[in-house]
Amino acid sequence: MSRGKLYGVGVGPGDPELLTLKALRYIKESHVIAVPGENPRDTVAYRIVEEAYPKLGEKEIIGLDMPMVKDETELDRAHDAAAETIEKLLDEGKNVAFLTLGDVCVYSTYLYVHKRVLADGYEAEIISGIPSFCAAAARLNMSLVERDEPLHVIPATYKADTMEDILKLPGTKVLMKGGKKMASIRESIIASGQEAVMVENCGMENEKIHLDAEDIPSDASYFSLLIVKEKM
């Protein structure tokens, strides 16, 4: 019996209509659907796909514990365990589609599992999805960059202590994963004199749009994205 193959499938930022045809095909053709979270059917990634593919629940669904922490030891343990679970399914000849929000190549937990599975001699492939910052810019009817402008995509949670230096970068700054540090990030943006817009839960039912830095809430959700530009 031949081994199965692992697919990391980007499902887009929230709107099920942004799920690509290729992503949907691989989800339909895979034997097992893997989702990060102990209760996979409650996750955002699962709900996005289910709206586009109501028969998703008829497939074998597994949840993989991916703790939202920065402790390297705990993260390694979780990634190792996820890879081991998936490899057992691949040994049974089953293809596994691992659902990932946005695009798989942008700050994706899946990639840590992907690398482990490849290193262990299994096949794995990435199915690209629409990244959240592209969807957010489209939702706001604005460009991210034009002409020779550079684009900086920054995990703000990890870089809040150097936000003043980040905001000095030329071009457009996309700040992701601001989380609990949103208040200090907002103050840094206001002090820099730059323009900022924010989209919370882009493409989801509870989507919120903030068109001014002053309006950015301190308690913004995890799925919040800031686009910062110099004033024209």
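If you're wondering where the values come from, they're calculated on a predicted model, not measured in any experiment.

Asks: Describe the overall build of the chain, naming the residues involved and giving the relevant values.
Replies: Secondary structure summary: the chain contains eight helices and ten strands in total. For 232 residues, the compact-globule estimate of 2.2 N^0.38 gives 17 Å, and the chain sits close to it at 19 Å. The C-alpha extent of the chain, read off along each of the three principal axes, is 60 × 35 × 35 Å. Within the chain, the fraction of its 232 residues that count as buried is 49%.

Asks: Outline the pairing of strand S10 (residues 224-229), supporting the account with residue identities and numerical values.
Replies: Of all the six residues making up S10, six are buried; the element is thus mostly covered by neighbouring parts of the structure. Across the two faces of S10 the burial is the same, with Ser224, Leu226 and Val228 and Leu225, Ile227 and Lys229 all buried. Direction of pairing for strand S7 (residues 172-176) relative to S10: antiparallel, over a ladder of four bridges. Counterpart to Lys173 in the pairing with S10 is Val228.

Asks: Which residues make up the pattern of salt bridges, and what values go with them?
Replies: In the structure shown here, the tally under the stated rule is ten salt bridges. Between Glu60 and Lys94 there is a salt bridge, and its shortest N-O distance comes to 3.0 Å. In this pair, Glu60 sits in strand S3 (residues 60-64) while Lys94 sits in the loop between helix H3 (72-91) and strand S4 (96-100), placing the two residues 34 residues apart along the sequence. The exposure class of Glu60 is partly exposed, given its relative accessible area of 33%. Salt-bridge contacts for Arg139 lead to Glu207; the nearest nitrogen and oxygen are separated by 2.7 Å. Placement of Arg139 in helix H5 (residues 132-139) and of Glu207 in the loop between strand S8 (195-200) and strand S9 (208-210) is noted, with a sequence separation of 68 residues between them. Exposure remark for Arg139: the relative accessible area of 43% places this residue in the partly exposed category. Using a relative accessible area of 21% as the deciding quantity, one classes Glu207 as partly exposed. When salt bridges with common partners are traced through the structure, they connect Glu60, Glu92 and Lys94 into a single cluster.

Asks: Give a description of helix H4 (residues 110-119) that names residues and reports values.
Replies: Among all positions of H4, only Tyr110, Val113, His114 and Val117 are buried. For H4, the buried positions fall inside an angular range of 105 degrees around the axis, keeping them on one side. Of the residues in H4, the exposed ones pointing more than 90 degrees away from the buried face are Lys115 and Ala119. Backbone geometry just after H4 places Gly121 at a positive phi near 90 degrees.

Asks: Explain the sheet that holds S10 residue by residue, including any values.
Replies: Paired through backbone hydrogen bonds, the strands of a sheet run either parallel or antiparallel to each other. Strand order across the open sheet formed by five strands is S6-S7-S10-S8-S9, with mixed pairing between neighbours. The sheet is open, and its two borders are formed by strand S6 (151-155) and S9, each paired with just one other strand. Adjacent strand axes in the sheet meet at a mean angle of 15 degrees, parallel and antiparallel pairs treated alike. With respect to the sheet, H5 is in contact with S6, S7, S8, S9 and S10, its orientation differing from that of S10 by roughly 70 degrees. On the sheet, helix H8 (residues 182-192) packs against S7, S8 and S10 and is oriented at approximately 10 degrees with respect to S10.

Asks: Explain unusual backbone geometry residue by residue, including any values.
Replies: Phi at Arg147 is positive, roughly 50 degrees, even though this residue is not glycine. What makes Arg147 exposed here is its relative accessible area of 89%. Despite not being glycine, Asn201 has its phi angle at roughly 55 degrees, a positive value. Summarising the element assignment, Asn201 is placed in the loop between S8 and S9. Judged by its relative accessible area of 7%, Asn201 falls in the buried class.

Asks: Quick rundown of the pairing of strand S1 (residues 5-10)? Include the residues and the values.
Replies: With six of six residues buried, S1 lies mostly within the body of the structure. Here S1 shows two buried faces, one formed by Lys5, Tyr7 and Val9 and the other by Leu6, Gly8 and Gly10. The pairing of S1 with strand S5 (residues 123-127) spans five bridges and is parallel. Looking at the pairing, Tyr7 lines up with Glu125 of S5. Direction of pairing for S1 relative to S4: parallel, over a ladder of five bridges. Paired with Tyr7 across the strands is Ala97, a residue of S4.

Definitions and limits used
Residues numbered from 1 in each chain as written. Predicted model: local features only at pLDDT ≥ 70, side-chain atom pairs only at ≥ 80, totals over all residues. Heavy atoms only, no water. Helix = DSSP H or I, 4+ residues; strand = E, 2+ residues; numbered from the N terminus. Rg over C-alpha atoms; globule rule 2.2 N^0.38 Å. Buried < 20%, exposed > 50% of the residue type's maximum accessible area, 1.4 Å probe, protein only. Pairing = 2+ DSSP bridges. Salt bridge = Lys/Arg side-chain N within 4 Å of Asp/Glu carboxyl O. Arc of directions from axis to C-beta. Axes fitted to C-alpha atoms, helices over the stretch in contact; angles between N-to-C directions. Contact = heavy atoms within 4.5 Å.

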